[in-house]
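# Observations on the model geometry
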Amino acid sequence: MAGLAESLLKTDFRKLYGSAEGMRVFRAPGRVNLIGEHTDYNLGFVLPVALDLATYIATAPSAVPSGPGKLRIYSEFRQEMREWEVADLGALTPQRHWTDYPIGVAQELLRLGLAIAPANLLIRSTVPEGSGLSSSAALEVSTALALLAGRPLDPLDLARLCQRAEHNFPGIPCGIMDQYISVFGRERSAVEIDCRSLGHRFVELPADITFVAVNTMVKHALAGSAYKDRVAECAAAVAGIQRKFPVVKSLRDVSPEQLESVEPSLPAVVARRARHVVTEDARVGRYVDASARGDLALMGKLLVESHRSLQHDYEVSCAELDFLVATALTIDGVLGSRMTGGGFGGCTVTMLRPDAVTRFSEEIARAYQRQFQATPQVYACRPSAGAGEVKDSEEF
Ligand code: GAF
């Protein structure tokens, strides 16, 4: 690690903790999902991209005069320091606080028999919180790496550990996508993940398109409870479909024809949720194929179909997201647009011609400002590498 950024982080670390002796830095990226929304916990397919927006954690062993010592964590964004005796970490309970994410990770490491050494941590992040760009997974994965401090852990085990941390501590029954892409992201590639086999393949996107994320700057209160409701509705759909097709284990196994044949026997809402998941899974495959053929028009059309399905069948969109998508589709050079992430706020992702980015950013910001009296942030989506130790970088 070299350069101005490192020395700034070191200076800040030293100011905070008195010494930066033995300091190491670990990075885990946020993500934007191009297509395949709410399919991961149905064991289907997703196509995310790791971003150059990332969470960095600087860590150094803390001096222990006597006794087992403390874990201290400082969040720059929250401007808040918390500390615990390392001996107490295993017994902590969720506090509905940002520290639930790192503590959840610490507990999963302990469950694997990996001890947590006394340490000082400083969290610096460029992933906007609550934006649907997966700041939670970036925090989980960077925390796991910082607490491991160089001890090896298989990358898939790392992603799964962080997913378990989110299930068991903050209590969100998320799929694997966010943690997986944070670990397995690659520069210049999207990653198609099979959420059942947990394998992936890298998908090189056509050179003559680019993606931008636009942040609604809102996160509606419904987000957490609606996510749990959708997970439960999908389980109800599987139970209903199994009455006719006992081999079905998840919505991933259901063909459009099978779904059509059982739809009348399912409650209407449950049938709509299943229809989104089944059609969305198919769209991921079609999008990847269209990308390989360079069929930009079809890629754009599939993004819009995905949004309509999330809006009407899955009902996880909101007025702000719908407005951004509708407006994007009126701007020259835009090929497609949809909400990305869990929904109820957060970001849209728009596929467009590279030479349209500046005009797009200005026009969409102006229109959104006029409609909602808020300035949306616009992020270029540069496919970036997955998580790891930062050894030579000026990136933060
Ligand atoms: C959130 C979850 F964390 C993911 O697992 C995924 O389900 C996503 O919403 C929707 O596709 O980001």
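Rules used throughout
- All residue numbers refer to position in the chain's written sequence, counted from 1.
- Restriction of local features to residues with pLDDT of at least 70 applies here, the model being predicted, together with a cutoff of 80 or more for giving and counting side-chain atom pairs; totals for whole chains, interfaces and linings are based on all residues.
- Values reported for side chains reflect all heavy atoms of the structure, with hydrogen atoms and water molecules removed beforehand.
- Only DSSP runs of H or I reaching four residues or more are called helices, and only runs of E reaching two or more are called strands; each is numbered from the N terminus.
- The globule rule used here is 2.2 Å times the number of residues to the 0.38 power, and the radius of gyration it is set against is calculated over C-alpha atoms.
- Burial status follows relative accessibility: with a 1.4 Å probe on protein chains alone, a residue under 20% of its type maximum counts as buried, one over 50% as exposed, and anything between as partly exposed.
- In this analysis, two residues are considered to be in contact whenever any of their non-hydrogen atoms come within 4.5 Å of each other.
- If DSSP finds at least two bridges between two strands, the strands pair.
- In these notes, residues near a molecule or strand are those with any non-hydrogen atom within 4 Å of it.
- The term polar contact refers here to a pair of N or O atoms within 3.5 Å; inside protein, the definition further demands a hydrogen-donor-capable atom paired with an acceptor-capable atom, and it admits residues adjacent in sequence only when both atoms are side-chain atoms.
- Note on areas: Shrake-Rupley, 1.4 Å probe, and residue coverage restricted to the protein chains presented here.
- Under the pairing criterion, centres of Phe, Tyr and Trp rings, with the six-membered ring standing for Trp, must be within 6.5 Å; the plane angle then separates stacked pairs below 30 degrees from edge-to-face pairs above 60, leaving the rest tilted.
- In this description, a line fitted to the C-alpha atoms serves as the axis of each element, helices being fitted only across the stretch in contact, and the angle between N-to-C directions of two axes falls anywhere from 0 to 180 degrees.

### Things to note about the overall build of the protein
Looking only at helices and strands, the protein has 11 helices and 13 strands in total. What you see for the protein is a C-alpha radius of gyration of 21 Å, in line with the 21 Å of a compact globule of 396 residues. For the C-alpha atoms alone, the extent of the protein along its principal axes is close to 70 × 50 × 40 Å. The buried share among the 396 residues of the protein stands at 55%. Expressed as a percentage of contacts within the protein between residues at least 6 apart in sequence, the contacts between residues at least 24 apart total 71%.

### Remarks on the pairing of strand β10 (residues 334-339)
For β10, a buried count of five out of six residues is recorded, marking the element as mostly surrounded by other parts of the structure. In terms of strand pairing, β10 meets strand β11 (residues 345-352) through five bridges, oriented antiparallel. In the sheet register, R338 faces β11, and the bridge partner there is V349. In sequence, β10 turns back onto β11 through a hairpin of five residues, with G341 there showing a positive phi of about 90°.

### Structural notes on the site of the ligand
Taken together, R31, E37, H38, D40, Y41, C174, G175, M177, D178, Y227, G341 and G342 make up the full set of residues near the ligand. One of the side-chain N or O atoms of E37 is found 2.6 Å from an oxygen atom in the ligand. Separating an oxygen atom of the ligand from a side-chain N or O atom of D178 is a distance of 2.8 Å. A total of 310 Å² of accessible area belongs to the ligand in isolation, and the protein chains cover 92% of it.

### What about the packing of aromatic side chains?
Scanning all chains against the criterion turns up six aromatic pairs. Taken together, a centroid distance of 6.3 Å and an interplanar angle of 55° make the contact between F323 and Y368 tilted. Linking F323 in helix α10 (residues 319-328) with Y368 in helix α11 (residues 357-372), this pair joins segments that are 45 residues apart in sequence. For Y368, a relative accessible area of 1% corresponds to the buried category.

### Let's talk about the environment of E204
Mapped onto the secondary structure, E204 falls in strand β8 (residues 199-204). For E204, a relative accessible area of 65% translates into the label exposed. Beyond its immediate chain neighbours, meaning those up to four positions away, E204 contacts R188 and S291.

### Let's talk about the sheet that holds β8
Read across the sheet, three strands follow the order β2-β7-β8 without closing on themselves; strand pairing throughout is antiparallel. One side of each edge strand has no neighbouring strand; the edge strands of this open sheet are β2 (45-46) and β8. Where strand β7 (residues 189-194) meets β8, six bridges bridge the pair, whose relative direction is antiparallel. The partner of S189 across the bridge, within β8, is E204. Against the sheet, helix α5 (residues 177-184) engages β2, β7 and β8, with an angle of about 135° to β7. The sheet contacts of helix α8 (residues 268-293) involve β2, β7 and β8, and relative to β8 the element is tilted by about 40°.

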